[in-house]
Amino acid sequence: MAESQRVLARSKVELDRLLLEAKLAIPAPRAGFVSRAALIESALESHRRVVTVTAPSGYGKSSFLAEWAAAEKRGVGWVSLDRFDDDAVKLLTLLASAFVRATGGDGRLIADMRGHGVSALGRAAPRLALALRESRRDFVLMIDDLHELATPACQDVLSVVIDAIPPGSQIVTASRREQPHLARLRAAGQTVEFGADSLTLDADGARKIFAEAAVPLTPELADAVTERTEGWPVGLYLSAVIAHDNAEGTALISGDDRYVADYLYRESLASLPADVQRFLRCTAVLDEFSGELCDAVLDVLGSQARLRELEGSNVFLIPLDRRREWYRYHPLFREFLLSELRRVDPGRVAELHVRAAEWYEQNGSPEKAIEHLLETPDRTNSVRLVTEHAMATFQAGQMGTVQRWLGELGPVTVESHPPLGVLAGWIAVMSGQAIEADRLAAMLESASFAPKPFDGSATFDSSRAMLRALMCASGPERAAADAAFALAQEPSWSPWREQALCQGGEAELLRGNADAAEALFAEAAELARQHDNAGVQALAEAECALIAMDRGRWPEGAARVERALSSVELHRIQDYAIAVPAVVAAARLALHEGDLSRAERELTRAMRARPVCTYAAPALATRVRLSLAKSYWAIGDHATARHLLREIDDILLHRPALGALLGSVSALRDIISSSAAGAGGYSPLTPAELRLLPYLQTHLSIPEIGARLFVSRNTVSTEVGSIYRKLGVSSRSEAVDRATSIGLLGS
């Protein structure tokens with residue numbers, strides 16, 4: 001790695017750490033805040049697991065939580081959410097980080113939150129829930145700005161976490177609007193609720209705020225200003241600010257509509273120098289900011305000192321860390337400043353976002369850069385960065401974030417930039433979205449793109465050929481030709497060469513050339529190790545292991561299996577199609593070694609992950625099921641072996657031209673059909689049932705689960721009944737307990 005790359009890597013790690021610290025840091029109670037000690041005491045005395053604070057902006061929700069946190073004797077975990085955290089994996093990672101900080105728990109829990117799609121609900125959320133239930137230390141988990149969560153996936157994992165809060169601990173949430181989980185908790189008597197009426201201030205509160213601003217307030221004026229602002233805390237504070245600068249200010253405030261903050265803010269802003277007003281307006285495009293970032297966006301120096309000055313004089317500037325390096329504006333104040341910026345200098349908004357994007361990119365946070373660029377008309381740089389980082393973000397488990405990026409770019413932009421379509425195709429294949437993968441592949445067939453792609457591949461034609469080889473829609477000869485074409489295009493230093501080698505190996509297996517396949521997989525494994533490409537390394541090592549075991553080279557196979565599993569576990573990619581062969585190989589090795597317990601554990605893991613292996617990657621999906629069927633047949637579970645053979649038949653309906661693999665399928669079919677053995681074992685959960693299973697942890701109704709999975713109510717009812725029958729249970733809770741005990745959930 002070049003020195004500049006090492007510096008960038010360190011910079012990225014440092015910036016990511018600082019931004020994470022800002023989200024997890026417990027804010028100090030702010031000066032001038034009216035104490036809510038009585039509300040805190042009532043919440044504590046209730047001993048209820050869930051406390052909710054729901055009110056519009058400006059009611060002091062965050063300050064209430066901060067005061068509570070400062071008074072707590074239990075461990076406190078804090079999470080400040082923003083609009084970019086509306087991703088199930090991001091949310092779980094933040095919650096796990098806060099819990100570990102609060103309790104001194106095992107930090108490995110944080111890495112366990114990685115995963116994609118339904119695995120966040122099926123694997124990560126149950127793991128976090130178990131850690132919460134088993135915590136040896138009472139804790140309070142505080143979540144500020146919960147209204148930023150809008151996606152169903154986030155609501156689902158949050159419900160699992162809430163249900164896991166143990167006696168003696170509490171979860172406290174602050175939100176501008178009532179959250180979906182609240183009605184259920186209210187009906188069960190499990191929550192304490194504070195609304196706007198609990199947070200409004202009386203005349204005594206008004207006097208305290210005015211006293212903090214060094215403004216005398218008679219009892220009559222206190223009553224008047226409280227009535228005019230309807231006890232709205234931020235309105236009272238603004239009244240005090242205005243009154244401080246204008247002896248008649250209190251009387252000037254109409255307060256007829258507590259949501260008309262613009263007037264109040266404009267009055268409080270008017271007394272500031274023009275350059276300070278300009279600073280405030282321009283930095284409002286930033287969700288959070290430091291002095292260095294402000295310098296870059298405004299093309300000035302000295303912003304850190306200015307932020308320190310503003311913090312001392314303006315309650316609407318909120319520090320995000322103890323060192324006072326990162327800040328944000330109060331949401332209402334920021335909304336006002338943005339409206340002022342659009343009114344005073346509308347042409348500058350995009351320019352400021354672009355400068356912010358440049359700073360984030362230069363400082364190693366391309367994800368933040370993308371978010372700013374998506375606020376501008378600059379689709380060229382947006383496409384560049386999304387193309388460069390979509391796959392890595394997806395592999396980090398943040399599929400929701402990638403889908404949002406692609407959605408904000410829009411289908412026209414994606415289709416007009418074919419390399420981005422290729423990446424979307426890879427993501428669809430690896431996450432088991434076969435229909436979407438086919439749609440994208442069809443779109444790409446007629447596409448052309450001459451410039452060098454931003455994803456690091458040599459050419460668009462090369463990356464398209466690799467995707468086409470993986471999907472193998474036209475048989476092994478075409479797949480082999482596509483892989484060979486890509487290999488000729490991708491040099492040894494290309495991050496895509498190991499992928500081309502893997503696709504070449506897969507094609508050679510379909511052509512019946514195991515020797516050639518093994519050589520290609522071995523080269524791919526070594527190159528992937530050098531490039532730190534976890535997915536390809538896991539696949540290539542697993543394929544080499546299976547070939548070695550086929551040829552009786554068991555020690556070599558064992559070493560390969562160990563390396564493949566290590567890559568899968570280290571990078572938490574258990575639920576990606578490319579990682580399933582590693583688990584299949586581990587099961588086969590355990591059977592050979594006579595370790596039936598380990599074999600069953602690995603078989604369960606593979607069966608659980610197999611839904612992402614679809615006909616979109618037919619060779620991989622078929623060989624996974626073929627190997628599993630052989631293993632289950634060997635241990636006498638004939639029902640599962642037969643079921644897997646039927647799943648293979650379904651794959652072949654979509655992709656019938658799979659070369660030598662068809663002979664292996666036919667051989668197993670002959671063994672099964674000629675055997676007099678009964679249907680030993682039990683029918684496994686189907687891929688559809690495995691997708692539904694994690695939702696049984698939630699309190700979603702049958703119709704609501706159907707809406708999540710885009711299937712009918714009748715289909716859900718049928719699948720739930722089948723899950724109960726196969727697991728030998730009669731209720732959702734029993735199904736969850738049984739699935740967890742056998743490794744289908746959480747492990």
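Every value quoted in this text rests on a predicted model; they were computed, and no experiment measured them. (Residues numbered from 1 in each chain as written. Predicted model: local features only at pLDDT ≥ 70, side-chain atom pairs only at ≥ 80, totals over all residues. Heavy atoms only, no water.)

(A) Quick look at the overall build of the protein. A tally of helices and strands in the protein yields 40 helices and eight strands. Judged by the C-alpha coordinates and their principal axes, the protein covers about 95 × 60 × 40 Å. In the protein, which comprises 747 residues, the share counted as buried stands at 57%. Sequence separation of at least 24 residues holds for 71% of the intrachain contacts in the protein that already meet a minimum separation of 6. About 30,000 Å² of surface is accessible on the protein, with carbon and sulfur atoms providing 54% of the total. (Helix = DSSP H or I, 4+ residues; strand = E, 2+ residues; numbered from the N terminus. Buried < 20%, exposed > 50% of the residue type's maximum accessible area, 1.4 Å probe, protein only. Contact = heavy atoms within 4.5 Å. Areas by Shrake-Rupley, 256 points an atom, 1.4 Å probe, with all protein chains shown as cover.)

(B) Local environment of the packing of helix α19 (residues 349–362) against helix α20 (residues 366–373). Taken N-terminus to C-terminus, the directions of α19 and α20 make an angle of 170°; their axes are 7 Å apart at the nearest point. Taken together, the axes of α19 and α20 are roughly antiparallel relative to one another. Contacts between α19 and α20 involve His353, Val354, Ala356, Ala357, Tyr360 and Glu361 from the first element and Pro366, Lys368, Ala369, His372 and Leu373 from the second. Its residues placed into classes, the contact of α19 with α20 shows seven nonpolar, two polar and two charged. (Axes fitted to C-alpha atoms, helices over the stretch in contact; angles between N-to-C directions. Parallel < 35°, antiparallel > 145°, perpendicular 65-115°, else oblique. Nonpolar A, V, L, I, M, F, W, Y, C, P; charged D, E, K, R; others polar.)

(C) Broad picture of the state of the cysteines. Under the counting rule described, the total for this entry stands at zero disulfides. Looking at Cys294, it has no disulfide partner, and the nearest cysteine sulfur is the one in Cys282, 10 Å off. Cys544 forms no disulfide, and the closest cysteine sulfur to it belongs to Cys502, at a distance of 8.4 Å. (Disulfide = S-S within 2.5 Å.)

(D) Representation of the pattern of salt bridges in the model. Overall, the coordinates contain 54 salt bridges when judged by the stated rule. With a shortest N-O distance of 2.7 Å, Arg101 and Glu21 are connected by a salt bridge. Of this pair, Arg101 sits in helix α4 (residues 88–103) while Glu21 sits in helix α1 (residues 3–24), and the two are 80 residues apart along the sequence. When its relative accessible area of 23% is taken as the criterion, Glu21 is described as partly exposed. Arg605 is paired through a salt bridge with Glu602; the nearest N and O atoms lie 2.9 Å apart. Here the residue Arg605 and the residue Glu602 both occupy positions in helix α33 (residues 596–609), the gap between them amounting to three residues, near one helical turn. (Salt bridge = Lys/Arg side-chain N within 4 Å of Asp/Glu carboxyl O.)

(E) Spatial organisation of the environment of Leu653. Relative to the helices and strands, Leu653 resides in helix α35 (residues 638–654). Separated by 291 residues in the primary sequence, Leu653 and Gln362 place their C-alpha atoms 49 Å from one another.

(F) Quick look at α20. For α20, the buried fraction is high: seven of the eight residues fall into the buried class. Within α20, burial applies to Pro366, Lys368, Ala369, Ile370, Glu371, His372 and Leu373.

(G) The arrangement of the packing of aromatic side chains in detail. Under the defined criterion, the tally for this structure stands at nine aromatic pairs. Relative to Phe194, the ring of Phe64 has its centre 5.6 Å away and its plane inclined at 75°; by these criteria the two rings are edge-to-face. Residue Phe64 is located in helix α3 (residues 61–71), and its partner Phe194 is located in strand β5 (residues 191–194); the two are separated by 130 residues in the primary sequence. Neither residue differs from the other here; Phe64 and Phe194 are each classed as buried. Between Phe99 and Phe139 the ring centres are 5.3 Å apart and the planes differ by 80°, which places this aromatic pair in the edge-to-face class. On the criterion of sequence distance, the pair formed by Phe99 in helix α4 and Phe139 in strand β3 (residues 139–144) is long-range, its members being 40 residues apart. Across the pair, exposure class does not vary: Phe99 and Phe139 are buried alike. (Phe/Tyr/Trp six-rings, centres within 6.5 Å; stacked < 30°, edge-to-face > 60°.)

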